[in-house]
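Chains, contacts and geometry: an overview
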Amino acid sequence: MQQAMKIHFIGIGGIGISGLARYLMAQGAQVSGSDIAEGSAIKTLKAQGVPITIPHNADSITNQDLVIHSAIIKPDNVEIVRAKAQGIPVLSRSLALEFILKGKRVFSVCGAHGKSTTSAMLSSIFPEYGAIIGADSKEFGSNVRACASENLIFEADESDKSFLNSNPYYAIVPNAEPEHMETYNHNLEEFYGAYEQFLRLAAKRVINVQDSYLQNVNLKATKLNPQCDICDIEYILESGEPYTRFTLKGVGSFQVYGFGEHIALNASLAILCAQSEGKSAKEIAHNLLNFKGIKKRFDILQKGATTIVDDYAHHPTEILATLKSARTYAKLSGMKRIIAIWQPHKYSRLVENLQRFKECFHLCDELVILPVWRAGEEEVPIDLPTEFAHCQPTFATHLKRENQSIALYNGAQKLHNLQDALIIGLGAGDITYQLRGEK
């Protein structure tokens, strides 16, 4: 049915929606789209011949069979209004997943942290499977591996409960730390109930029982205990690129791109899943070497005396794990200083985790704090200079790439340049574009 369909995507520039669009194109669907501005995803889709309207315009709705929109699109959007007036079915991304993934053998990866990395690793192990990931895999330069296969590796999203619509054949869960609690009415029982429902939907499961919730799951599953099952962890640099070597008890020894115990954990979940699907340890180890990291996850933008790294970490757990990786990288590279540039993401997350944020920067030598990336939220008054006084941070409004260094600004006034250090940007807002000199 999908192969003959004409599908229009509203908000097609977002990574989640663009991923669905690319995947359905590979299945033979005719795709069109719209958004408020042109970003990199839209440029790529246009180059592939996809007609895209900027900004939203009712005239872009013609004779499509289905309209799919991102979560931030409001019901009064002119294209939604036109589509409904013409009797064209309109689905949110969450509801569309049920339609798109129906009949697929879905390897659904979900968790608060590590799901993009685990999904990309699993896709490296299974290059013959399709994949829809929440970040661009450097292996295939996209967030989608567009194979016309019944098997699909899918990064599921708990932030809007859409993971419950992912039709999981296999559920892979690195952790179930509470996040996006506004979706669950700030109710832990509702939150964990959704995870239990997700796990029950799957025929097979592999979970990290070091997680406080997952250790008590009473469903049949392959259970990984990193403290007992992962050993002989070693960190190496090859041509300046980070790799972790480790042994997974009862399976074998492996090498994977990236630094950190969390990298070994994510890889081990993917390995155990692949092993249960009949892949040999030798083939898994060989294919895993194709994993080259994902964009914005310890993404090394510049190497040398001044090394610049971009990382998506925006939760205290993620920031601490990333700074541990940075400390390892700096030690092996002979670098003496780590400068963290943090762009807090969402006031709600900052307020809910303020104490943990205050405690997670002890592994950096210098901290720069940018304004909170609101992500559409109302501003909440927080006295960051007082709350983070113990870190002695520098506050800046934005930054710019200048030759081999990072320049900090307060409005139009330049403060100073950061250089001769490992500089790591942390956040899920526009800091990635500032670090890359694209903004």
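This text gives an overview of the structure that appears in the document. (Residues numbered from 1 in each chain as written. Predicted model: local features only at pLDDT ≥ 70, side-chain atom pairs only at ≥ 80, totals over all residues. Heavy atoms only, no water.)

**So, the packing of aromatic side chains**
Enumeration over the complete set of coordinates arrives at 21 aromatic pairs. Between Tyr243 and Tyr257, the ring centres sit 5.5 Å apart and the planes meet at 80°, which makes this aromatic pair edge-to-face. A residue pair is termed long-range when its members are at least 10 positions apart, and Tyr243 in strand S14 (residues 241–248) and Tyr257 in strand S15 (residues 252–257) qualify at 14 residues. The exposure class assigned to Tyr243 is buried, which follows from its relative accessible area of 9%. A residue is classified by how much of its surface remains accessible, and Tyr257, at 6% relative accessible area, is buried. Site record: aromatic cluster; members linked through ring pairs are Phe163, Tyr184, Phe191, Tyr192, Tyr195, Phe198 and Tyr213. Lys400 extends its terminal NZ or CZ atom over the ring of Tyr409, reaching a point 5.0 Å from the ring centre. (Phe/Tyr/Trp six-rings, centres within 6.5 Å; stacked < 30°, edge-to-face > 60°. Helix = DSSP H or I, 4+ residues; strand = E, 2+ residues; numbered from the N terminus. Buried < 20%, exposed > 50% of the residue type's maximum accessible area, 1.4 Å probe, protein only. Lys NZ or Arg CZ within 6 Å of the ring centre and 35° of its normal.)

**Remarks on the pairing of strand S19 (residues 366–369)**
Note: strand S18 (residues 338–342) against S19, 4 bridges, orientation parallel. Bridge pairing in S19 links Ile339 to Glu366. (Pairing = 2+ DSSP bridges.)

**A word on helix H1 (residues 15–26)**
The end-to-end C-alpha distance of H1 is 17 Å, a good match for the 16 Å that 12 residues give at a rise of 1.5 Å each. Listed in full, the buried residues belonging to H1 are Ile17, Ser18, Gly19, Leu20, Ala21, Arg22, Tyr23 and Leu24. Just downstream of H1, Gly28 is the residue with a positive phi angle, here 105°. (Expected span 1.5 Å × (residues − 1).)

**Here's the deal with the nonpolar core**
Core analysis: the largest hydrophobic core is formed by 70 residues, its most contacted members being Ile271, Trp342, Phe361 and Ile424. The residues touching Trp342, leaving out its near neighbours within four places in the chain, are Ile319, Leu350, Phe357, Phe361, Leu367, Val368, Ile369, Leu370, Phe388 and Leu426. The next biggest cluster of nonpolar side chains, apart from the first, holds 48 residues, and it includes Ala21, Leu24, Cys110 and Val173. (Core = buried A, V, L, I, M, F, W, Y, C linked by side-chain atoms within 4.5 Å. Contact = heavy atoms within 4.5 Å.)

**Things to note about the state of the cysteines**
This structure, assessed with the given rule, holds 0 disulfides. The structure places no disulfide on Cys228, whose sulfur is separated from the nearest cysteine sulfur, that of Cys231, by 10 Å. Between Cys273, a cysteine without a disulfide, and Cys110, which holds the nearest cysteine sulfur, the sulfur-to-sulfur distance is 15 Å. (Disulfide = S-S within 2.5 Å.)

**Things to note about the pairing of strand S9 (residues 151–155)**
In terms of residue burial, S9 counts as a mostly covered element, since 5 of its 5 residues are buried. Because side chains alternate across S9, one face comprises the buried residues Asn151, Ile153 and Glu155, and the other comprises Leu152 and Phe154, equally buried. When strand S6 (residues 105–109) meets S9, the two strands line up parallel, connected through 5 bridges. For Val106, the partnering residue across the bridge sits in S9 and is Leu152. Summarising the sheet, strand S7 (residues 130–137) and S9 pair through 3 bridges and their orientation is parallel. Considered in S9, the bridge of Gly130 is made with Leu152.

**Some remarks on the sheet that holds strand S10 (residues 168–173)**
Pairing in this open sheet of 7 strands is mixed, and the strands run S8-S7-S9-S6-S10-S11-S12 from one edge to the other. Single-partner strands in this sheet number two, and they are strand S8 (142–145) and strand S12 (222–224). When strand polarity is set aside, the average angle formed by the axes of neighbouring strands in this sheet is 15°. Judged from the 4 bridges that link them, S10 and strand S11 (residues 204–208) form a sheet pairing that is parallel. Bridge assignment links Ile172 to a residue of S11, and that residue is Val206. In the packing of helix H6 (residues 188–201) onto the sheet, contacts are made with S6, S10 and S11, and the angle to S10 comes to roughly 135°. (Axes fitted to C-alpha atoms, helices over the stretch in contact; angles between N-to-C directions.)

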